[in-house]
Amino acid sequence: PLSKPTAGTGARRRFQHQKMAATDADDAYVMDLSERHLSSRGLHDALARLQRVLHDEDERDGVTIARPLELLCAGNDVAKFALPASEKPPRPEPAPRQRQPEPEPPTVESYAELHRSQGGLMDMMMGWQDDDDETVDEEDVYEEPPPPPPPPPPKLAVPLASRIVVLDLAGNRLGPDATPSSKALSSLKKLRTLNLADNGLETCSGLASLVNLEALFLQKNYLRSADGLWGLSKLSSLDLRDNDIRSVAALRPLSCNAALRSLDVRGNPLCDDAAKARDARARLRSVLVRLARLGVG
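Keep in mind the model is a prediction, meaning the values are calculated, not measured.

A. Quick look at the overall build of the protein chain. Regarding its fold elements, the protein chain presents six helices and nine strands. Taken across its 297 residues, the protein chain has 37% of its residues classed as buried. Partitioning the intrachain contacts of the protein chain with sequence separation of at least 6 by distance along the chain shows that 67% fall at a separation of at least 24.

Structure below.
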């Protein structure tokens, strides 16, 4: 069901508890498909139907700018995230063109009337009448009616890739890396928040094209470094809790993320005791000097 952002149960509550970045639009759609036991194909089919429903909703409400969408798909069985192709509504059939009635054949009386009005049928045929004296009755002039205007072109259904601003795929099977899903993810030009927690990821490959991403949640995976994230120029919040990061050097690529302000690495081997946590905090502060919040231990 489509709804406004409201408190929910299960994955939805956990999703809100993570304080993921919210959309600025108050009229954003929310589609909660969490914990529906959906496979990759099942999710794809559900999104194809959703795309048509959203298009009809916008048409009904007279919306000129497509509303954003928060898509929640946590706790399913998705191994590859894919989006449906944009659909083109069927072109309306043109109205049938009305045929003009055929003129009735002239009668004897009409020939006689023509003979009297034009000064004789023979005179008319031989062109003996003066051109200046010729007058044409406006009622006798037949003008072809203009053709009906062509039907307006069908409005393209807005693809989901142009709507999704929040995507929750936590608790699926996208690992060991997101490359198989990178084509669909890279098309999400408006995506600002992405949750890939608990997906068995071992690398961050496949995420570099998300140039507008602001918040990324990668906790409970098997990541050993932050390679693949350095190109996310707008990334401001990164959650790497409960992974397999063993050194500060593995996080050094994050120094290229100028917008990064919040980082959480708790539950990793680099800070699994108090002494390591203090050392990691000091070294990370020296490497990531722009951080306002650092979760170490």
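B. Just the nonpolar core, in detail. Core analysis: the largest hydrophobic core is formed by 60 residues, its most contacted members being L71, F81, L167, L216, L218, L229 and L238. Counting only elements with at least two residues in this core, the list comes to β2 (29–32), α2 (40–61), β3 (69–72), β4 (164–168), α5 (182–186) and α6 (274–287). Ranked by residues supplied to this core, first place goes to α2 with five residues. If sequence neighbours within four positions are ignored, F81 has contacts with L43, L47, L167, L169, L174, S181, A184, L185 and L188.

C. Here's a closer look at the pattern of salt bridges. If you walk through the whole model with that rule in mind, you get 15 salt bridges. For R293, the salt bridge goes to D264, with nearest N and O atoms at 3.9 Å. Taken together, the positions of R293 in strand β9 (residues 293–295) and D264 in strand β8 (residues 262–264) put the pair 29 residues apart, joining distant regions of the chain. Given a relative accessible area of 42%, R293 falls into the partly exposed group. Several salt bridges converge on common partners, so that one network encompasses D239, R241, D264, R266 and R293.

D. The confidence of the model for the protein chain, seen in detail. In this model, the protein chain carries an average pLDDT of 81, and 70% of its residues clear a pLDDT of 70 or more. Counting contacts from residues 4–25, a segment whose pLDDT is below 50, to residues more than four positions away or on other chains yields 44 contacts.

E. Summary view of the pairing of β4. For β4, the tally of buried residues reaches five of five residues, placing the bulk of the element in the interior. Bridging between β3 and β4 involves four bridges; their strand directions are parallel. Within the sheet, the bridge partner assigned to L72 lies in β4 and is D168. Relative to strand β5 (residues 193–195), β4 runs parallel, the two sharing three bridges. Looking at the pairing, L167 lines up with L194 of β5.

F. Structural context of the pairing of β2. Relative to β3, β2 runs parallel, the two being bridged by four bridges. By the bridge assignment for β3, V30 is matched with E70. Handedness of the β2-α2-β3 crossover: right-handed.

G. Seen up close, the environment of W230. Along the chain, the position of W230 falls in the loop between β6 (215–217) and β7 (237–239). Among the residues examined, W230 registers a relative accessible area of 55% and is labelled exposed. Separated by 23 residues in the primary sequence, W230 and P253 place their C-alpha atoms 5.6 Å from one another.

H. Inspection of α2 at higher detail. Spanning 22 residues, α2 covers 31 Å between terminal C-alpha atoms, matching the ideal 32 Å at 1.5 Å per step. Within α2, the full set of buried residues consists of L43, A46, L47, A48, L50, Q51, L54, H55 and D58. Following α2 by one or two positions, G62 has its phi on the positive side, about 70°.

I. Broad picture of α6. Compared with an ideal rise of 1.5 Å per residue, which puts 14 residues at 20 Å, α6 spans 20 Å between its outermost C-alpha atoms and is within 8% of the ideal. Listed as buried for α6 are A277, A280, L284 and V287. Axial view of α6: buried residues confined to an arc of 95°, hence all on one face. Opposite the buried face of α6, at more than 90 degrees from it, the exposed residues are R278 and S286. Between the side-chain oxygen at the start of α6 and the backbone nitrogen of A275 there is a gap of 3.1 Å, and the oxygen is on D273.

J. Molecular detail of the environment of L194. The residue L194 is located in strand β5 in this model. Judged by relative accessible area, L194 falls into the buried class, the value being 0%. Put simply, L194 and V165 are 29 residues apart on the chain and 8.6 Å apart in space, counted from C-alpha to C-alpha.

Calculation criteria
- Residues numbered from 1 in each chain as written.
- Predicted model: local features only at pLDDT ≥ 70, side-chain atom pairs only at ≥ 80, totals over all residues.
- Heavy atoms only, no water.
- Helix = DSSP H or I, 4+ residues; strand = E, 2+ residues; numbered from the N terminus.
- Buried < 20%, exposed > 50% of the residue type's maximum accessible area, 1.4 Å probe, protein only.
- Contact = heavy atoms within 4.5 Å.
- Core = buried A, V, L, I, M, F, W, Y, C linked by side-chain atoms within 4.5 Å.
- Salt bridge = Lys/Arg side-chain N within 4 Å of Asp/Glu carboxyl O.
- pLDDT = per-residue confidence, 0-100.
- Pairing = 2+ DSSP bridges.
- Right-handed = clockwise from strand over helix to strand, strands pointing away.
- Expected span 1.5 Å × (residues − 1).
- Arc of directions from axis to C-beta.
- Polar contact = N/O pair within 3.5 Å; in protein donor to acceptor, adjacent residues only side chain to side chain.

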